[in-house]
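Residue-level structure breakdown
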Amino acid sequence: QVPLVESGGGSVQAGGSLRLSCAASGYTASTYCMGWFRQAPGKEREGVAYITTYGTTRYGDSVKGRFTISRDNAKSILSLQMNSLKAEDTAMYYCAAVLSSPGDSWQHATAWDFWGQGTQVTVSS
């Protein structure tokens with residue numbers, strides 16, 4: 001089991017910013033690919049961004065240019081900086097981890113092995 005704990009969610013007005021964090025302690029987090037997903041009520045879980053062990057990043061089309069994923073391997077923390085937030089960004093955001101890079105399948109939830117409990121982000125228009 002890989003423990004993942006998200007924080008930083010909250011309510012913000014459209015155009016605002018939030019920074020999410022995911023603490024991945026108790027194991028060698030630097031050896032895992034890490035990602036962020038989100039799920040709105042009635043919708044499927046959607047891949048937002050992911051970062052490989054080498055720092056290569058990929059983003060979903062809906063967040064490109066607005067969100068930035070980063071990792072601090074020394075502190076075992078994954079972050080997601082979200083700028084220019086829109087009402088459609090409202091969702092529960094989840095941190096995920098997998099040992100082997102999911103490659104082009106990264107946006108599929110089934111490609112990831114470990115999940116946090118989620119943190120709610122609400123953007124009002």
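Owing to the predicted nature of the structure, the values given are computational and were not obtained by experimental measurement.

This next bit is on the state of the cysteines. For the coordinates displayed, the defined rule picks out one disulfide. No disulfide involves C33; its sulfur sits 12 Å from the nearest other cysteine sulfur, which is in C95.

Throughout the structure, instances matching the rule amount to five salt bridges. The shortest N-O distance in the salt bridge between D104 and R58 comes to 2.9 Å. Of this pair, D104 sits in the loop between β9 (91-98) and β10 (114-115) while R58 is found in strand β6 (residues 57-59), placing the two residues 46 residues apart along the sequence. For D104, a relative accessible area of 68% translates into the label exposed.

Glancing now at the sheet that holds strand β3 (residues 18-23). The four strands lie next to each other as β1-β3-β8-β7, forming an open sheet whose pairing is antiparallel. Unpaired on one side and paired on the other, β1 (5-7) and β7 (67-72) mark the two borders of the sheet. Averaged over all pairs of adjacent strands, the angle between their axes in this sheet comes to 15°, without regard to strand direction. Relative to strand β8 (residues 77-82), β3 runs antiparallel, the two being bridged by six bridges. The residue bridging L20 from the neighbouring strand is L80, located in β8.

By size, the foremost hydrophobic cluster in this structure holds 29 residues, and its most contacted members are L4, M34, W36, L80, M82 and Y93. Where this core is concerned, the elements lending two or more residues are β3, β4 (33-39), β5 (46-51), β7, β8, β9 and β11 (119-124). If you tally residues by element for this core, the top one is β9, at four residues. Among residues more than four places away in sequence, those in contact with Y93 are E6, L20, F37, R38, V48, F67, L80, M82, G118, T119 and V121.

Cut-offs applied
Residues numbered from 1 in each chain as written. Predicted model: local features only at pLDDT ≥ 70, side-chain atom pairs only at ≥ 80, totals over all residues. Heavy atoms only, no water. Disulfide = S-S within 2.5 Å. Salt bridge = Lys/Arg side-chain N within 4 Å of Asp/Glu carboxyl O. Helix = DSSP H or I, 4+ residues; strand = E, 2+ residues; numbered from the N terminus. Buried < 20%, exposed > 50% of the residue type's maximum accessible area, 1.4 Å probe, protein only. Pairing = 2+ DSSP bridges. Axes fitted to C-alpha atoms, helices over the stretch in contact; angles between N-to-C directions. Core = buried A, V, L, I, M, F, W, Y, C linked by side-chain atoms within 4.5 Å. Contact = heavy atoms within 4.5 Å.

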